[in-house]
Amino acid sequence: MTENPAGTGGEASGEKPATEPPSSPPPSTSAPPSRKDSDLRSAALVSVLTLLSRITGVIRDNLQARVFGSGWVADAFTLAFRIPNLFRMLFGEGALSASLVPIFMRMEEEGERERARRLLCGAFTVLAIFLSVLVLAGEGLCLVGSNALERVAAASAPAPAGQHAPWAVERLALRLLYWMLPYIPIVCLAALSISFLHARRRFAVPALTQTVFNVVMGGFLLFIVLSQKGGFLGIVPRAPEEWSGMLAGGILVGGLCQLYFQIPALRREGIALQPMIPGRDPAYREALRAMIPVVFGLSIFQINNIVDSLIALYIVKSEGAVAILYFGQRLFWLPLTLIGIAVATAVFPTLARQVARQNRAEISDAMSSALRVVLFLSVPAALGLILLREPLVRLFFEYGAFGADATERTGRVLLCFGLGLWATCALPVLSRCFYAFRDTKTPVKIGVVIVGLNFVLNLAFAPMFKEAGLALATSISTTVQVVVFIWILGSDKFNVRVSLGPSYFGKVLLATAGMAAACLALQAWGFPSPAVPARLSFWMRFAAVFVPLGVSVGVYFLVSTLLRIREAGRILALLHRPAPNEEDADA
């Protein structure tokens with residue numbers, strides 16, 4: 001039920017010269033881009049670059065599925081990696097962005113760039129010290145817990161033939177977590193840099209940061225895949241659990257590369273990260289007051305994510321349930337990141353600026369425009385996930401140790417996630433509106449109730465629908481949360497009136513119905529109809545996904561254009577424009 005904020009952001013383009021050289025062409029007489037087009041172009045830039053990170057992420061997951069499959073080692077690795085991701089969200093992309101971006105934006109509006117630089121360096125120093133202490137404490141707990149489980153396992157009865165040893169998942173997860181914990185301060189400091197670049201409306205470099213991590217991890221996984229085949233550099237194939245430790249080391253290397261990748265962009269903004277003792281600037285206290293409720297709120301959601309994994313492990317009681325849930329989430333996060341996170345990232349600086357100017361009409365207009373784009377893209381994306389769920393899983397994951405049964409189970413998870421995709425994409429946009437108002441308490445209060453609802457639904461659905469029930473619970477609870485957020489934002493306290501137009505949602509549904517008809521027609525005519533799906537070549541699997549997808553998307557935009565949905569024209573117009581310059585996006 002969480003928004004999975006993948007790192008997004010941008011690279012500086014430098015300052016414009018004070019005077020034009022004699023050979024420069026005359027300035028354009030066209031009107032500067034509107035705020036709506038600026039946000040849409042920024043969202044397009046983030047989406048394109050994030051698409052690259054998602055593609056490399058899928059390749060990384062493909063290699064991981066080949067190595068670990070959906071067995072107990074995959075469960076252990078997934079559980080261990082949940083913890084660093086939790087802290088990445090808490091002290092990195094979520095809380096820091098929500099608390100610091102509005103402050104950075106206000107300082108930019110007031111011309112206090114040097115003060116913003118000191119705030120960044122002071123926060124960098126405090127965060128590094130705090131998280132390093134936290135990591136040392138966590139590693140001590142991992143050692144104690146691992147030794148305790150070793151003694152418990154030694155006293156337990158042997159496992160039946162064909163099953164893993166008692167407490168094997170938990171013991172391996174703790175050993176892996178011990179090596180993964182140092183990733184926490186590294187990735188959180190990278191996320192702090194991303195927050196500053198977002199405030200400067202620099203979106204390219206941070207959007208590529210996750211790509212750097214995926215490439216590094218992919219390199220480690222490719223080495224393992226080649227070694228497993230035998231004969232590669234004379235390395236003898238090993239069991240998956242023996243390779244998991246090496247992959248944990250790959251996570252650390254990837255995190256260091258993520259942090260280093262931000263440094264040139266910061267230098268172009270005149271920022272040299274250096275230790276700095278925080279002074280008495282009231283902005284520190286303001287940021288801390290804003291961050292604490294966000295940390296609390298995000299911790300609820302992220303802990304809930306871990307609880308989902310534990311329910312999958314102990315209530316579903318099906319080997320690989322944790323990994324199946326993870327792989328389903330990975331495909332589900334692809335449209336979420338490209339749509340919800342990209343639009344939210346692009347519109348947040350605009351919201352923060354308009355809140356600083358107390359312009360409620362512009363805030364309502366920005367929110368309405370952002371949600372129209374989200375709905376226009378997320379509703380057909382949800383349908384695509386549902387109709388093409390098994391071909392998608394087969395294309396990306398069904399190789400090596402990942403078999404046909406795992407594909408079917410992951411497809412059911414993807415079906416249930418797809419039902420709530422539109423709400424999950426709208427949620428980060430709505431959350432950013434609260435954060436722009438520097439109201440971090442309201443989302444927390446609503447979040448506590450929603451997490452309780454999600455937990456009850458998990459317990460109700462997991463025994464019946466197994467891991468797919470956890471995805472269904474997430475979709476239902478997220479939809480309820482979005483409805484409540486819209487209602488609260490429209491109250492007198494915020495007076496943000498979200499208006500989608502009298503028939504907008506109906507038009508989107510009608511265009512989506514045309515898309516569904518095209519996709520179902522292709523399937524009814526026998527494309528694709530593999531006799532033995534597991535033996536399909538890669539290109540047959542590729543065609544099974546992208547031929548129906550391409551035809552359906554074409555039909556969707558055609559019907560949308562005929563129905564005069566403005567977002568269709570705006571998005572198509574972007575495809576015919578030059579790549580957005582970041583200074584233009586800020587115009």
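Residues numbered from 1 in each chain as written. Predicted model: local features only at pLDDT ≥ 70, side-chain atom pairs only at ≥ 80, totals over all residues. Heavy atoms only, no water.

**Q** Give me the overall build of the chain: which residues, what numbers.
**A** Across its full length, the chain carries 19 helices and zero strands. Looking at the chain as a whole, 57% of its 587 residues qualify as buried. For the chain, contacts bridging at least 24 residues in sequence account for 87% of all contacts bridging at least 6. For the chain, the exposed area adds up to about 24,500 Å²; of that, 67% sits on carbon and sulfur atoms. (Helix = DSSP H or I, 4+ residues; strand = E, 2+ residues; numbered from the N terminus. Buried < 20%, exposed > 50% of the residue type's maximum accessible area, 1.4 Å probe, protein only. Contact = heavy atoms within 4.5 Å. Areas by Shrake-Rupley, 256 points an atom, 1.4 Å probe, with all protein chains shown as cover.)

**Q** Please give an account of the side chain of T56 that cites residues and values.
**A** Note that T56 resides in helix α1 (residues 35–68). Separated by 2.9 Å, the side chain of T56 and the backbone oxygen of S53 make a polar contact. The residues contacting T56, other than those within four sequence positions of it, are T211, N214 and V215. (Polar contact = N/O pair within 3.5 Å; in protein donor to acceptor, adjacent residues only side chain to side chain.)

**Q** Could you give an account of the pattern of salt bridges, with specific residues and numbers?
**A** Side-chain pairing between opposite charges can occur once the charged atoms of the two side chains come close. Under the defined criterion, the tally for this structure stands at ten salt bridges. One salt bridge connects D61 with R330, and the closest N-O pair in it is separated by 2.5 Å. In this pair, D61 is assigned in helix α1 and R330 in helix α9 (residues 321–356), connecting sequence segments 269 residues apart. Taken as a pair, D61 and R330 share a single burial class, namely buried. The residue R409 makes a salt bridge to E467 at a minimum N-O spacing of 2.9 Å. (Salt bridge = Lys/Arg side-chain N within 4 Å of Asp/Glu carboxyl O.)

**Q** Break down the packing of aromatic side chains for me, citing the residues and quoting the values.
**A** The tally for this structure, following the rule as stated, stands at 20 aromatic pairs. Feature note: the residues F68, F77, F81, Y183 and F213 constitute an aromatic cluster, connected by ring pairs. Note that R541 overlies the ring of Y399, its terminal NZ or CZ placed 4.6 Å from the centroid. (Phe/Tyr/Trp six-rings, centres within 6.5 Å; stacked < 30°, edge-to-face > 60°. Lys NZ or Arg CZ within 6 Å of the ring centre and 35° of its normal.)

**Q** So what's going on with the environment of R541? Which residues, and what values?
**A** Inspection of the secondary structure assignment puts R541 in helix α17 (residues 538–562). Residues R541 and R394 lie 147 residues apart in sequence; the distance between their C-alpha atoms is 7.0 Å. At 2.8 Å, the side chain of R541 and the backbone oxygen of E398 are in polar contact.

**Q** Describe helix α12 (residues 404–418), and please don't skip the residues or the numbers.
**A** Each full turn of the α-helix corresponds to 3.6 residues, which orients residues three or four apart in the same direction. A rise of 1.5 Å per residue sets the reference length of α12, with its 15 residues, at 21 Å; its end C-alpha atoms lie 21 Å apart and thus fit the reference within 8%. Among the residues of α12, A406, T407, R409, T410, G411, V413, L414, C416, F417 and G418 are the ones counted as buried. Those residues of α12 that are buried are in contact with α9, α10 (360–387), α11 (389–396), α13 (421–436) and α15 (467–489). (Expected span 1.5 Å × (residues − 1).)

**Q** Could you give me a rundown of the confidence of the model for the chain, with the residues and numbers involved?
**A** Residues with a pLDDT of 70 or more make up 79% of the chain, whose mean pLDDT is 78. When the criterion is pLDDT under 50, residues 1–32 qualifies, and its contacts beyond four places in sequence or with other chains add up to 79 contacts. This model gives residues 578–587 a pLDDT under 50, and the stretch forms 30 contacts once residues within four places in sequence are excluded. (pLDDT = per-residue confidence, 0-100.)

**Q** Help me get a handle on a nonpolar patch on the surface, residues and values and all.
**A** Together, V152, W167, L310, Y314, I315, F455 and L459 give the surface a local cluster of nonpolar side chains, amounting to about 580 Å² of exposed area. Among the elements that line the nonpolar patch, the one with the most residues is helix α8 (residues 282–316), at three residues. By secondary structure assignment, the location of L310 is in helix α8. Look at L310 and you get partly exposed, because its relative accessible area is 35%. (Patch = residues over 30% accessible without salt bridge, like charges linked within 9 Å, V, L, I, M, F, W, Y side chains within 5 Å.)

**Q** Pulling in residues and values, what's your account of the packing of α12 against α15?
**A** Closest axis-to-axis distance for the α12/α15 pair is 7 Å, and the angle between their directions is 10 degrees. Compared by their axis directions, α12 and α15 come out roughly parallel. Across from R409, R412, V413, C416 and F417 in α12, the residues of α15 making contact are E467, A468, A471, L472, T474 and S475. Residue composition of the contact of α12 with α15, by class: six nonpolar, two polar and three charged. (Axes fitted to C-alpha atoms, helices over the stretch in contact; angles between N-to-C directions. Parallel < 35°, antiparallel > 145°, perpendicular 65-115°, else oblique. Nonpolar A, V, L, I, M, F, W, Y, C, P; charged D, E, K, R; others polar.)

**Q** Go over the environment of A568 with me, naming the residues and quoting the values.
**A** In this fold, A568 is placed in helix α18 (residues 566–575). Here A568 falls in the buried class, since its relative accessible area comes to 0%. Measuring from C-alpha to C-alpha, the distance between A568 and F557 comes to 6.4 Å, with eleven residues separating the pair along the chain. Here A568 is in contact with F376, F557, S560 and T561, once residues within four sequence places are set aside.

**Q** Give me unusual backbone geometry: which residues, what numbers.
**A** Positive phi is not limited to glycine here, since N495 has a value of about 55 degrees. Secondary-structure assignment places N495 in the loop between α15 and α16 (504–524).

**Q** Outline the packing of α9 against α10, supporting the account with residue identities and numerical values.
**A** With their axes 10 Å apart at the nearest point, α9 and α10 run at an angle of 175 degrees to one another. Put simply, α9 runs roughly antiparallel to α10. Where α9 abuts α10, its residues L331, F332, P335, I339, V343, V347, T350, L351, Q354 and V355 lie against E362, I363, A366, M367, A370, V373, V374, L377, S378, A381 and L385. Tallied by class, the residues present in the contact of α9 with α10 amount to 17 nonpolar, three polar and one charged.

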